Amino acid sequence: MVARAASVTKKPRAVAPPAEAHGAHEDAAAASFAALVHRLDYLDPADIKRIRDAYKYADAAHLGQFRASGEPYITHPIAVAGLCAEWKLDAQAIMAALMHDVMEDTGATKVELIERFGASTAELVDGLTKLDKLQFSTREESQAESFRKMLLAMARDVRVVLIKLADRLHNMRTMESMPADKRTRIARETIDIYAPIAHRLGLNQVYRELQELSFKYLLPWRFAALAKAVQKARGHRRDIVERIRHDVERAFKEASILVQIHSREKTLYSIYRKMREKHLSFAQVNDIFGFRIVVSTLQECYLALGVLHQLYKPMPGRFKDYIAIPKANGYQSLHTTLVSPLGTPVEFQIRTEPMHMVAEKGIAAHWLYKADGSAQGLTEAQRVGMVSLQSLIDIQDETRDAAEFLEHVKIDLFPDAVYVFTPKSKILALPRGATPVDFAYAIHSDIGDHTVAAKVNGEQVALRTELRSGDMVEIITAPVSRPNPAWLNFVRTGRARSKIRHYLKNMKQEESLELGEKLLTQAMRAEGLHLPPGDETQGEAATLWQALVRWSGNRSRRELMIDIGLGKKIATIVAKRLAKLMAEAGARPDALTLSMSRYLHDDSTPAQTLVTLDGSEGATVQMATCCRPIPGDSITGYLGRGEGLVVHTTDCHVGKRLFQRDSERWIAVEWAEEMQRPFETAVSLLVQSGKGVLAKIAQAVSEAEADITHIDMGHDPGHATMEIRMLLAVRDRVHLAQVLRTLKRSPLVLRVARVKPQ
């Protein structure tokens, strides 16, 4: 099981080029490693010797392998190690960067790496190795499982994700020689997953470059057009940039504040995204350039803000204090947008030198600014990394389906954020568009699962309300409350989505287990036998269940019962097999049980079961939407494959067609004497067009103690009449008759009737 989560620019082993070219490549590789050694001056000689040994091992392992560009493959690990050296990562991380592909490409084993380079380095290499030696049904599944493996390795050691990002960055820089379809696929994966991870970890330089390179390969024509436009505009804006810089330098000199002033330009991707999201032309994007002001102390950040606001007028609503309220990845700065002398907006970012280092290098800054050696730097970086990516680790722990996992990851990595407060003034960062349900799950899954209502800034709001930065959110819970499937329509965080789906899936399994037990118990009665006890681990009953589970192809008795409840297995067929096994073990049908089973069923219905419905069955029992049965209707049940039990009225035409095609899946069902909830049914009304007609109909329904759950009005302007279709929640047929009589008494209603299935 080897491989790195995305060894993207690899090429199969190639025939070696001519000897003279090979010698030239060796010289280039040696020079490249020599350049790497010059970057390692922050390490002691013993560490550099270990890194040199790792390089020799990787060089020998990759001998004869070449990149798509024709360069020796070893140039790629050296470049990755060089990027890690820029972040001042320790010797183990540099060694792992040099050897990050040896397990995947050369047949090296983890045991061998442990023996030669130690367990820590081997664990890093293993965490970077993707699972391409396993068999996966789809590329998406392989990608998801390799990414899952990397997350688990990152949870143990944050250096894994840093090396992975360095690997991806170098691969993106050198993709020109690859086929266009592969470039597009890798760029899409990078902009969806790896660039947002870099942003989450505060690696803003890496984040911007990954976005820019992805944009270049995903939309090459737009990238080229924007690059040309920016180049042209740069000359026009040079004068105004220099004028603003001169004004700012003079203002700070007069205020006696020592500052560093850096002008910056928006990346092409951020310009493109702003044009697309706000439907602007390039000429309408005014804030293409901005300035960073780096000062010495925290107090000078706020003094510098005052100087700038006295120099140019600030734009209302465009000031953000990320020093008092840092971003989740540790980013701190003051942001303010001022009106330039030409009337265009210019953004200024004000920060100290340590803040600037964290802003650019993210968690890697904990090595650059460590005080007491690499161990402290690693510990602090590990803590920050775990906080930043904890939601991804939670998602992989609960989501086993590959497509669902990647969907949750992409949602969770959405970079734009809002900052909201708990009642105890703790700050939480959530994606833009997040709701109180997302907030509840961000605090704790138990709070999310039991949410019933929410207050924002002291006022009760709907659970689907979008939160804004600065909101104070309070969640109201109840012990009996459970996640609602409708929440999936509006939650924005991958954590909330995965927790809700996980709960609903478990709930459905428990309900299916209970239904399966009931169906098989009653099917066994039709055979004149009692179901053997299922809680024994030894003895005759355990032997029977083991034989039955082997026959059915399931892994356990529980799984078999769930399959029966979901309709994947037919209770009567399973019962006949179990009866045969019991007969071989000496069991005989009980005459009384057999006669009772026959008494409970007439000749027209299969005698395998009778399920009683009271409305509390949950997701495994559904009322068919074609006929919408309600208590009092004559009903029958269809065990759909994987859908659970679907209840139809006996006169439903859809049900009759299903019976002709699949008669063995039908079972007898009946209504209980007391219902636990109302049921929906469809009603059609022909009414006179006029002012307030809908309000009068709603009042009539309310007077009859029913509820309207859905309404559809045909739009026929100018007609004297119109048809209205409604879904009404009623107790039973008697209650429905009362509602229809109440509606008929209204002078506006010309005709009303229950909608029958076609």
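Here, the structure is the one placed above.
An account of the accompanying structure is given in this report. Along each chain, residue indices are assigned from 1 in the same order as the chain's sequence is written. Whole-chain, interface and lining totals are the exception, using all residues; otherwise, since this is a predicted model, local features are given only for residues with pLDDT of at least 70 and side-chain atom pairs are given and counted only at 80 or more. Excluded from the side-chain calculations are hydrogens and water; all other atoms, namely the structure's heavy atoms, are used.

## Things to note about the overall build of the chain
Put simply, DSSP marks the helices as runs of H or I at least four residues long and the strands as runs of E at least two long, and each gets a number from the N terminus on. Helix and strand content of the chain: 28 helices and 19 strands. Burial classes follow relative accessibility: with a 1.4 Å probe on protein chains only, a residue under 20% of its type's maximum area counts as buried, one over 50% as exposed, and anything between as partly exposed. With 758 residues in all, the chain has 49% of them scored as buried. Pairs at least 24 apart in sequence give 70% of the contacts found in the chain among residues at least 6 apart. Note on contacts: a residue pair is in contact if any heavy atoms of the two residues lie within 4.5 Å.

## Observations concerning the pairing of strand 18 (residues 721-730)
Here strand 18 lies mainly inside the structure; 7 of its 10 residues are buried. The criterion for strand pairing is that DSSP finds at least two bridges linking the strands in question. Sheet analysis places strand 16 (residues 679-688) next to strand 18, joined by 10 bridges and oriented antiparallel. Bridge pairing in strand 18 links E680 to A729. Inspection of the sheet shows strand 17 (residues 707-713) paired to strand 18 by 6 bridges, in the antiparallel sense. Looking at the pairing, M713 lines up with I724 of strand 18.

## Overview of the sheet that holds strand 8 (residues 451-456)
Read across the open sheet, the 3 strands follow the order 9-8-10; overall the sheet is antiparallel. Strands at the two margins of the open sheet, each flanked by one partner only, are strand 9 (459-461) and strand 10 (473-477). Geometrically, the sheet is characterised by an average inter-axis angle of 35 degrees between neighbouring strands, direction not taken into account. Lying on the sheet, helix 19 (residues 436-443) is in contact with strand 8, strand 9 and strand 10; it crosses strand 10 at an angle near 80 degrees. Note on definitions: angles span 0 to 180 degrees between N-to-C directions of axes, and those axes are lines fitted to C-alpha atoms, for helices only across the stretch in contact.

## Side note on the sheet that holds strand 19 (residues 749-754)
The strand order across the open sheet built from 4 strands is 17-18-16-19, with neighbouring strands paired in antiparallel fashion. Where the open sheet ends on each side, the last strands, each with one partner, are strand 17 and strand 19. Neighbour-to-neighbour, the strand axes of the sheet open up by a mean angle of 25 degrees, direction not taken into account. Sitting on the sheet, helix 28 (residues 733-744) touches strand 16, strand 18 and strand 19, and the angle it makes with strand 19 is about 170 degrees.

## Digging into the side chain of D449
Within the element layout of this structure, D449 appears in helix 20 (residues 445-449). Those residues in contact with D449 that sit more than four places away from it in its chain are Y441, S481, R482, P483 and Y503.

## Describing the pattern of salt bridges
Criterion for a salt bridge: a side-chain nitrogen of Lys or Arg within 4 Å of a carboxyl oxygen of Asp or Glu. What the rule picks out here adds up to 20 salt bridges. For the salt bridge of D247 with R250, the shortest nitrogen-to-oxygen distance reads 3.4 Å. Note that D247 and R250 are positioned in helix 12 (residues 220-254) at a spacing of 3 residues, about one turn of the helix. Residue class for R250 comes out partly exposed when judged on its relative accessible area of 39%. R725 serves as the salt-bridge partner of E723, at 3.8 Å between the closest nitrogen and oxygen. Here the salt bridges do not stand alone but share partners, grouping K110, E123 and D126 into one network.

## A few points about the packing of aromatic side chains
When the centres of two rings from Phe, Tyr and Trp lie within 6.5 Å, Trp using its six-membered ring, the rings pair. Their planes under 30 degrees apart give stacked, over 60 give edge-to-face, and anything left gives tilted. A complete count under the given rule lists 10 aromatic pairs for this structure. Seen from their ring centres, F215 and F223 are 5.7 Å apart, and the 70 degrees between their planes marks the pair as edge-to-face. Measuring from ring centre to ring centre gives 6.0 Å for Y322 and Y331, while their planes differ by 70 degrees; the resulting arrangement is edge-to-face. Y331 sits in the buried class, given a relative accessible area of 8%. Grouping aromatic residues by their ring pairs yields a cluster made of F215, F223, Y269 and Y272. Think of it as a cone above the ring: NZ of Lys or CZ of Arg counts as a charge over the ring if it is within 6 Å of the ring centre and within 35 degrees of the ring normal. The positively charged end of R557 is found above the aromatic ring belonging to W545, 4.5 Å away from the centroid. For R677, the ring lying beneath its charged end belongs to F679, and the centroid distance is 4.2 Å.

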